[in-house]
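# Descriptive structure summary
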Amino acid sequence: SWILNVPAGGLAGAAAAQGGDCEGLTSWAAVQTLCCLIHVCFCLYISRKLAWELQKRADAEQGQAGSSSKTMIDATVHIMMYDIPFCFYVFFTMFSCAWASMGFGKPSCSANEGARSFVTYSASLVMAYLFFALVLSVMWMLMLMCEQCCESCFPSAIAPHAPTQRVQKQEQPMTDGIWWILRSLGILEPARPQAAPPVVAQPVAYG
């Protein structure tokens, strides 16, 4: 939904260009364009931040069985609680919503209907972005919580990620050049030589 801010900022700039001397239109369009730019930058930031947080937790839990949904929820809650840019963005979102709603009453002059249309479209796109961002975020969290609940209630249906162990293969001596080439290409694995049966000493009878 962040892509809605791109045409919203362009329409705000077009409204400022065609608005002429309409009262407050230039200042509203400039702030509206800045808000759209901040929305786009924050969407890119939060996606990188979440990916970095998940990678950090995956490195810390390497080799341990765990739930991917629980890890995702923990990372998201950690960002919401402790990430400073996210806290500022919550208040900025309220300001952006209020500022976009002011656009439905601009421009105060009615000389240019084109500028009025651009302002209305720009404000509508920003409001649509905020609405879809809120709805999709809530649905995403509900989906993760439902997945975690299913993993807890039906552990046999959803198998946990088992820790992977690296098994080092014992190198076998290679004497034949053709076998060595086949093994290097991964086409053929030489059979391991079977251990010779133990030699049982026979009792010696003395006459």
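Anything mentioned here points back to the structure above.
Being a predicted model, the structure only gives us computed values, none of them experimental.

### Side note on the nonpolar core
The nonpolar side chains of soluble globular proteins are, as a tendency, buried together. One finds Trp28, Tyr89, Val119, Val126 and Tyr129 to be the most contacted residues of the largest nonpolar core, which totals 21 residues. Looking at this core, the elements that each hand over two or more residues are helix 1 (5–19), helix 2 (25–60), helix 4 (84–102) and helix 5 (113–153). Examining the composition of this core, we find that seven residues originate from one element, helix 2, more than from any other.

### What about the packing of helix 2 against helix 3 (residues 68–82)?
Relative to each other, helix 2 and helix 3 sit at 125°, their axes nearing to 10 Å. Classed by the angle they form, the pair helix 2 and helix 3 counts as oblique. Crossing geometry of helix 2 relative to helix 3 is assigned as right-handed. From helix 2, Ile46, Lys49, Leu50, Glu53, Leu54 and Arg57 reach across to helix 3, where they touch Thr71, Met72, Asp74, Ala75, Thr76, His78 and Ile79. Looking at the contact of helix 2 with helix 3 residue by residue, the classes come out as six nonpolar, three polar and four charged.

What counts, and where the lines are drawn
All residue numbers refer to position in the chain's written sequence, counted from 1. In view of the model being predicted, local features appear only for residues whose pLDDT reaches at least 70, and side-chain atom pairs are presented and counted only at 80 or more, with totals across whole chains, interfaces and linings using the full set of residues. Neither water nor hydrogens contribute to the side-chain values; these are computed over all heavy atoms in the structure. Nine residue types can take part in a nonpolar core, namely buried Ala, Val, Leu, Ile, Met, Phe, Trp, Tyr and Cys, and a core is a set of them joined through side-chain atoms within 4.5 Å. Relative accessible area decides the class of each residue, using a 1.4 Å probe on protein chains only: under 20% of the type maximum gives buried, over 50% gives exposed, and in between gives partly exposed. Strands are runs of DSSP state E lasting at least 2 residues, helices are runs of H or I lasting at least 4, and numbering of each runs from the N terminus. Orientation is described by axes fitted as lines to C-alpha atoms, over the contacting stretch for helices, and by angles from 0 to 180 degrees between their N-to-C directions. Working rule for angles: under 35 degrees goes down as roughly parallel, over 145 as roughly antiparallel, 65 to 115 as roughly perpendicular, anything else as oblique. Note: crossing handedness is left-handed where the near helix turns anticlockwise from the far helix by less than a right angle, and right-handed where it turns clockwise. In this analysis, two residues are considered to be in contact whenever any of their non-hydrogen atoms come within 4.5 Å of each other. Note on residue categories: nonpolar means Ala, Val, Leu, Ile, Met, Phe, Trp, Tyr, Cys or Pro, charged means Asp, Glu, Lys or Arg, and polar means any other residue, Gly included.

Without other data, these values stay purely geometric and don't point to any function.
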